[in-house]
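Topology and contacts: notes
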Amino acid sequence: MKQLSQIISYHAHVYFDADSVDQARALCQTAASTFGLIMGRVHQRNVGPHPMWSCQLLASPVQFSELLPWLALNRDGLIVFAHPETGDHLADHRDHGIWLGTGLDLDLTIFD
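Please read these numbers as outputs of a predicted model, since none were measured by experiment. (Residues numbered from 1 in each chain as written. Predicted model: local features only at pLDDT ≥ 70, side-chain atom pairs only at ≥ 80, totals over all residues. Heavy atoms only, no water.)

**Focus on the sheet that holds strand E1 (residues 9–16)**
Here five strands make up an open sheet; going across it, the order is E2-E3-E1-E4-E5 and the pairing antiparallel. What marks the edges here is a single partner per strand, and that holds for strand E2 (38–43) and strand E5 (98–100). Going from strand to strand, the sheet's axes swing by 20 degrees on average, the running direction of each strand aside. Across six bridges, E1 lies against strand E4 (residues 80–85) in antiparallel orientation. Following the sheet pairing, alanine 12 is matched in E4 by alanine 82. Relative to E2, helix H1 (residues 21–35) is tilted by about 170 degrees, and along the sheet it contacts E1, E2 and strand E3 (53–59). Along the sheet face, helix H2 (residues 61–74) touches E1, E3, E4 and E5 and points at about 140 degrees away from the line of E3. (Pairing = 2+ DSSP bridges. Helix = DSSP H or I, 4+ residues; strand = E, 2+ residues; numbered from the N terminus. Axes fitted to C-alpha atoms, helices over the stretch in contact; angles between N-to-C directions. Contact = heavy atoms within 4.5 Å.)

Right under this line is the structure:
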């Protein structure tokens, strides 16, 4: 059984489309400044296994414990996919993911 100590960090991916890009950018910027997170680029194309445009927030386990409930209350209809980083990318995305909003199908073939 995996241990919590194997979690290096967490990624939270905020999904959006052309109509919600400004909303997603503002949410990610607010989260980054509120919790001292690293905010990735606002990708206006599908990247990696993600089925929608997205922006990534990188959080330590301590930061994530505060970020996740905040995102649950402040995502305002945006879909958020979060997962731990343990070094096992397939399992992190397939088995350990957390969805806020409607869960979507990820393209896990990139981990083959």
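After that view of the structure, there is still more to cover.
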